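# Structural features, examined
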Amino acid sequence: MYADLHIKRDVYDTEEHQMLRETVRDYVNQHVLPYREEWEEQSCCSREAWLKAGELGLLNISSSEKYGGGGLDFSFSALLIEEMSKMGPDSPGISMHSDIVAPYIEQYGTEEQKMHYLPKMASGELIGSLGMTEPSTGSDLQAIKTNAVDKGDYWLLNGSKTFITIGYSSDFTLVACKTRPGTEKEGVSLLLVDASLDGFTKGKPFKKLGLKTSDTCELFFEDVKVPKNRLLGQEGMGFIMMMTELPRERLTIALQAIGSAEGAIEEVIKYTSQRTAFKQPIAGFQNTQFKVTEAAMKLQLNQCFVDKCTQLLQEHKLTAEQASIAKCTSTDMQFEVLDQCLQLHGGYGFMWEYQICRMFADSRVSRIYGGTNEIMKVMVSRKLFNDYYAELKAKRKARKMAMSN
Ligand SMILES: Cc1cc2nc3c(=O)[nH]c(=O)nc-3n(C[C@H](O)[C@H](O)[C@H](O)COP(=O)(O)OP(=O)(O)OC[C@H]3O[C@@H](n4cnc5c(N)ncnc54)[C@H](O)[C@@H]3O)c2cc1C
């Protein structure tokens, strides 16, 4: 709509990207939007929506073809995430399933695990979720209490998880737990836990402020016997695996923020051009033009940084700090832009039937999940100060050596 403003987005440059964009739009228009209200009521979308996404090749698009995926690079996932967020509805939770859970399995899984989970994830027959957060701890992941004791033939899993995206719909959850509870190094590990196992139960989908068409729920594990071959990667390496994979998760949230801000700006331009006050379109007031322009400027700046991060992720060079900056700044930008766009809708902006109202509600969680924006700042500031102190220490050491020579 305001293409001339954009710096050309090299990351989405090919004809294949354009084709994917059109497929996503058709999918959302035909298989998501018509069911939106029904899913909002149920706080959960249908399995058919997943199967349709699988049929259209929209699941696991950047997983290897050997495991049923699209075999495309991450820029295709990025485009899909942005386009879906631009159109509004948050369901089905494709990015959690395809861009967070699937890469863990592809990266760290055994051949048997990959063959068992990935092809069915790509078709939508299996839905995967990720369980890190617990009722008593979210930001401080080291403090999780869920544990799995080695019983020879199986892991005996006990504990609970909360706020799990698509937890209710999912057929299995990648669960972070302690495999050496009570010892000095408690050994955080990751287990692939099938929903069919005895002792694994789920709470009802939560009623939420936003993201109402996808489910978020609690998971409970009571003496669940998890087969030994469902350990992902090495025992005790779960924390390192999570720290390695979290930048990707944070980038997906940044991409959602970019898509949603772009959608909101398009929406507000349309609305303010049609709505009149004092015998002229609202869009005719300089305040409206300036506010929308400020929003577009903020979006453009963030988009450049996020595009760069997408490129870095593809080159396996994205650092935890860069991903934290992308997540924090783009979701702050999203919140400001969405708030401003809602304001320009006047009272209609407060009405659920208006797209901007739903988008605003959905956007609120972006600054909370995937690690809060405060935690993003903790990570970046730690790096800033640690680098400064390391430099100071090196200078002192060099000076000492020079003096002793
Ligand atoms: C809709 C939704 C979907 C989610 N999906 C998932 C999922 O799929 N899987 C999953 O595992 N989790 C999921 N989460 C959980 C989410 O990641 C956590 O809510 C988030 O990490 C914050 O944890 P908490 O809620 O326990 O908040 P707390 O950790 O209790 O934090 C409360 C407040 O204290 C602040 N705070 C905490 N520590 C510090 C510090 N060191 N310095 C400064 N401030 C601090 C926080 O920033 C926050 O403002 C989801 C959450 C929501 C709401």
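Residues numbered from 1 in each chain as written. Predicted model: local features only at pLDDT ≥ 70, side-chain atom pairs only at ≥ 80, totals over all residues. Heavy atoms only, no water.

The domain architecture assigned to the protein chain consists of domain 1 (3-126), domain 2 (130-235) and domain 3 (240-388). Taking only C-alpha atoms, the centre of domain 2 and the centre of domain 3 are 30 Å apart. Opposite the 14 residues of domain 2 that make contact, domain 3 presents 13 residues. Both sides together, the interface formed by domain 2 and domain 3 hides about 980 Å², and carbon and sulfur atoms give 82% of it. (Domains from an automatic or database assignment. Contact = heavy atoms within 4.5 Å. Buried area = accessible area lost by both parts, 1.4 Å probe.)

Right, let's get into the pairing of strand β5 (residues 188-194). Among the seven residues that make up β5, six are buried, leaving the element largely enclosed by the rest of the structure. Where strand β4 (residues 172-178) lies against β5, seven bridges are found, and the strand directions are antiparallel. Across the sheet, Cys177 pairs through a bridge with Ser189, a residue of β5. Sheet topology note: the β5/strand β8 (residues 231-232) ladder contains two bridges and is antiparallel. Paired with Leu191 across the two strands is Leu231, which belongs to β8. (Buried < 20%, exposed > 50% of the residue type's maximum accessible area, 1.4 Å probe, protein only. Helix = DSSP H or I, 4+ residues; strand = E, 2+ residues; numbered from the N terminus. Pairing = 2+ DSSP bridges.)

As a further point, take the packing of helix α7 (residues 238-274) against helix α8 (residues 286-314). Contact pair α7 / α8: the axes reach a minimum separation of 10 Å and the direction vectors enclose 155 degrees. Comparing their axes, α8 and α7 come out roughly antiparallel. Along this stretch, α7 crosses α8, giving a crossing that reads as left-handed. Residues Arg248, Leu251, Ala254, Leu255, Ile258, Ala261, Glu262, Ile265, Val268, Ile269 and Thr272 of α7 touch α8, and the partners they reach there are Thr288, Val292, Ala295, Ala296, Leu299, Asn302, Gln303, Val306, Cys309, Thr310 and Leu313. Of the residues contributing to the contact of α7 with α8, the split by class is 15 nonpolar, five polar and two charged. (Axes fitted to C-alpha atoms, helices over the stretch in contact; angles between N-to-C directions. Parallel < 35°, antiparallel > 145°, perpendicular 65-115°, else oblique. Left-handed = near helix turned anticlockwise from the far one by under 90°. Nonpolar A, V, L, I, M, F, W, Y, C, P; charged D, E, K, R; others polar.)

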